[in-house]
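Each chain, letter by letter, is given below.
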Amino acid sequence: MQSAGTWEGYERGSSGYKRILIALLCAGIATFAQLYSVQGVLPIMAQDLEIDAAQASLAVSAATLGLAVAVIPWSLMSDRFGRRRTMVTAVIAATILGVAMSLMPSFELLVGMRFLEGMALGGIPSVAMAYLAEEVNPVHAAIAAGSYISGTTLGGLSGRIVAAPVADFFGWRAGTLVVAIYAAMAAVAFILLAPKQKGFRPQAVRLTGPGGVHERLLINLKDPGLVSLYMQGFLLMGGFVAVYNYIGFHLGDEPFNVPPSIVSVLFLSYLTGTWSSAQAGRIAARFGRRKVLITSSLIMLGGLLMMLIPWLPAVVVGLLIFTAGFFGAHSIANGWVPARATVGRAQASSLYTLFYYGGSSVFGYVAGLFLTRFGWNGAVAFIGALIVVAIALTVAFLRRPVTPEAVQPSGD
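The text that follows walks through the structure, step by step, so that each part is easy to find. Just so it is clear, the structure is predicted and the values come from calculations on it, not from any experiment. Along each chain, the written sequence defines residue order, and numbers are assigned to residues from 1. Restriction of local features to residues with pLDDT of at least 70 applies here, the model being predicted, together with a cutoff of 80 or more for giving and counting side-chain atom pairs; totals for whole chains, interfaces and linings are based on all residues. Only hydrogens and water are removed before side-chain values are computed, so all heavy atoms of the structure are retained for them.

**Digging into the packing of aromatic side chains**
Right, on to step 1. Each Phe, Tyr or Trp ring, with Trp reduced to its six-membered ring, pairs with another whose centre is within 6.5 Å; inter-plane angles below 30 degrees give stacked pairs, above 60 give edge-to-face pairs, and intermediate values give tilted ones. If you walk through the whole model with that rule in mind, you get 18 aromatic pairs.
Right, on to step 2. For the ring pair Phe-240 and Tyr-244, a centre distance of 4.9 Å and an interplane angle of 45 degrees mean the geometry is tilted. Of this pair, Phe-240 and Tyr-244 both sit in helix H11 (residues 224-252), separated by four residues, roughly a single helical turn.
Right, on to step 3. Any residue under 20% of the maximum accessible area for its type is buried, any over 50% is exposed, and the rest in between are partly exposed; the area is computed with a 1.4 Å probe on protein chains only. Accessibility expressed as a relative area gives 1% for Phe-240, which makes it buried.
Right, on to step 4. Judged by relative accessible area, which is 1%, Tyr-244 ranks as buried.
Right, on to step 5. Between the aromatic rings of Phe-240 and Phe-327, the centroid separation amounts to 5.3 Å while the plane-to-plane angle is 80 degrees, which identifies the pairing as edge-to-face. Of this pair, Phe-240 sits in helix H11 while Phe-327 sits in helix H15 (residues 312-340), and the two are 87 residues apart along the sequence.
Right, on to step 6. Judged by its relative accessible area of 4%, Phe-327 falls in the buried class.
Right, on to step 7. Within the aromatic cluster, the residues linked to one another by ring pairs are Phe-240, Tyr-244, Phe-267, Phe-322, Phe-326, Phe-327, Tyr-352, Tyr-356 and Tyr-357. What counts as a helix is a DSSP run of H or I of at least four residues, what counts as a strand is a run of E of at least two, and both are numbered from the N terminus.

**Some details on the packing of helix H4 (residues 58-81) against helix H5 (residues 83-101)**
Right, on to step 1. To get an axis, fit a line to the C-alpha atoms, keeping to the stretch in contact for a helix; angles then go from 0 to 180 degrees between the N-to-C directions. Contact geometry for H4 and H5: axes closest at 7 Å, N-to-C directions at 135 degrees. In terms of orientation, H4 and H5 fall into the oblique class. Contacts from Trp-74, Ser-75, Met-77, Ser-78, Asp-79 and Phe-81 of H4 reach H5 at Arg-83, Arg-85, Thr-86, Thr-89 and Ala-90. Here the angle decides the label: under 35 degrees means roughly parallel, over 145 means roughly antiparallel, 65 to 115 means roughly perpendicular, and every other value means oblique. In this analysis, two residues are considered to be in contact whenever any of their non-hydrogen atoms come within 4.5 Å of each other.

**Some remarks on the nonpolar core**
Right, on to step 1. Buried residues of nine kinds, namely Ala, Val, Leu, Ile, Met, Phe, Trp, Tyr and Cys, make up a nonpolar core once their side-chain atoms join them within 4.5 Å. With 131 residues, the main nonpolar core has Phe-190 and Phe-240 as its most contacted residues.
Right, on to step 2. Here Phe-240 is in contact with Tyr-270, Met-300, Phe-322, Thr-323, Phe-326 and Phe-327, once residues within four sequence places are set aside.

**Focus: the pattern of salt bridges**
Right, on to step 1. Any carboxyl oxygen of Asp or Glu within 4 Å of a side-chain nitrogen of Lys or Arg constitutes a salt bridge here. Evaluated as defined, the whole model comprises four salt bridges.
Right, on to step 2. The salt bridge involving Arg-83 is made with Asp-79; its shortest N-O contact spans 2.8 Å.
Right, on to step 3. We classify Arg-83 as buried; its relative accessible area is 0%.
Right, on to step 4. Judged by relative accessible area, which is 2%, Asp-79 ranks as buried.
Right, on to step 5. Glu-134 is the salt-bridge partner of Arg-83, the closest N and O atoms lying 2.6 Å from each other. Linking Arg-83 in helix H5 with Glu-134 in helix H7 (residues 125-135), this pair joins segments that are 51 residues apart in sequence.
Right, on to step 6. We classify Glu-134 as buried; its relative accessible area is 12%.
Right, on to step 7. A single salt-bridge network, built from bridges that share partners, covers Asp-79, Arg-83 and Glu-134.

**Things to note about the environment of Ser-15**
Right, on to step 1. On the secondary structure map, Ser-15 appears in helix H1 (residues 15-36).
Right, on to step 2. Residue classification places Ser-15 among the exposed positions, given a relative accessible area of 58%.
Right, on to step 3. Each C-alpha atom, one on Ser-15 and one on Thr-394, is 36 Å from the other, the two residues being 379 residues apart in sequence.

**So, the environment of Val-99**
Right, on to step 1. Here Val-99 lies in helix H5.
Right, on to step 2. Remark: the alpha-carbon pair of Val-99 and Ala-180, spanning 81 residues in sequence, is separated by 5.5 Å.
Right, on to step 3. Ignoring anything within four residues of it in the chain, the contact list for Val-99 reads Leu-177 and Ala-180.

**Here's the deal with the side chain of Ser-276**
Right, on to step 1. Relative to the elements of secondary structure, Ser-276 occurs in helix H13 (residues 270-287).
Right, on to step 2. Look at Ser-276 and you get buried, because its relative accessible area is 7%.
Right, on to step 3. Those residues in contact with Ser-276 that lie beyond four places of it in its chain are Thr-323, Ala-324, Phe-327 and Gly-328.

**Here we look at H15**
Right, on to step 1. Compared with the 42 Å implied by 1.5 Å per residue over 29 residues, the 42 Å span of H15 between its first and last C-alpha is a close match.
Right, on to step 2. Summarising burial for H15: 23 of the 29 residues are buried, a large majority. Each residue after the first adds 1.5 Å to the expected span of a helix.

**Quick word on the packing of H1 against helix H6 (residues 107-121)**
Right, on to step 1. Running from N to C, H1 and H6 point in directions that differ by 160 degrees, and their axes come no closer than 10 Å. One finds that H1 runs roughly antiparallel with respect to H6. Considering how the two elements wind past one another, H1 and H6 form a crossing that is left-handed. From H1, Ala-30, Thr-31, Gln-34 and Leu-35 reach across to H6, where they touch Arg-114, Glu-117 and Leu-121.
Right, on to step 2. The residue classification treats Ala, Val, Leu, Ile, Met, Phe, Trp, Tyr, Cys and Pro as nonpolar and Asp, Glu, Lys and Arg as charged. All others, Gly included, are polar. Its residues assigned to classes, the contact of H1 with H6 shows three nonpolar, two polar and two charged. Each crossing gets its hand from how the near helix is turned against the far one by less than a right angle, where anticlockwise is left-handed and clockwise is right-handed.

**Looking at helix H10 (residues 213-221)**
Each full turn of the α-helix corresponds to 3.6 residues, which orients residues three or four apart in the same direction.
Right, on to step 1. Looking at H10, one finds that the buried residues are Val-213, Arg-216, Leu-217 and Asn-220. Looking straight down H10, one finds its buried side chains confined to an arc of 95 degrees; they lie on one side. An arc is given here, and it is the one of the directions from the helix axis to the C-beta atoms.

**Let's talk about the environment of Val-41**
Right, on to step 1. Positionally, Val-41 belongs in the loop between H1 and helix H2 (42-49).
Right, on to step 2. Between the C-alpha atoms of Val-41 and Pro-260, which are 219 residues apart in sequence, the distance is 7.8 Å.
Right, on to step 3. Those residues in contact with Val-41, other than ones at most four positions away along the chain, are Ala-163, Ala-164, Ala-167, Trp-172 and Thr-176.

Just geometry here; none of it tells us what the structure is for.
If you want it as structure tokens, here you go:
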């Protein structure tokens, strides 16, 4: 029961709870379908534009870099104008830019438009967790976060798996344009479904001084546990995007010789992430976030090592395991951030998003240099090192896990 004059959040199973999760599912589709549609057509784009794998990956890295640099400004806007209004603005802008991107006449202009599109897309992931934290009862926060992350996997999957087959027949521009139209329909559904906020309180945006943004960011950056969680996003997401950037190039070479249209089917591996991200929240509610985070990272590493075997079934199984492990780890780390933060919840979540997509931009490109120089084994060694460092940080700095029941609502 909600006491008079207070808002404790929607209970699991209520209509408001269901509407939030379905709305954020649609927002995740609109966001991540556009963000990663290009990833599904990288080999076709590289061949058409006569560029190498690392250069082609800049079409992905530019968007994730734009997203990374925009998350703090978006979080400030959400503090002032509300989480829902901010996400609506972002998803409309991103949809318009996504359509424009597919029409760019040169690779340089395409990369520039992808950067702008990424900036617009940043308004969703940087705010979504704060929206959940304020509107959902904290007892159910870990489960709700896992459900949201599972929705983002469907967005990432659909963008890749729709763009690649269309691109195989009509070119990569047609593939990305179809995804942009599809994302627009998801954006409309989000706008119609997302309930008005009850837990949000507008805040004056002050960059400096007591309670200012600078102070909030510093408080969150001084917590070793939060920094460790940020590094989980930076390292694990960097490795994850690198694998999906270059798996098509790897399987297109000897001894596999798999065509791009068939490789695109491997993006169905995302469905294991849809499952694992939801399950991770439920398991964490019982055994604690720290144990689930470490276990998920180890599963990710095991799947990566399987992909070293030069046998297609082993690569496929390894990719499935790798994807499940990543989304389990991401679900826990992402949901843990606003639960652990004592002040500046929106800024804390935005910092995670900044590190997360910063890692995607940096390591998604750098791994391509390892691939070009040392082949697939070199890229896997580099990605494996990122995962090992992430596990070490969890062991060292996340010794006192916060359980969902212990989390109390806190003002930003």
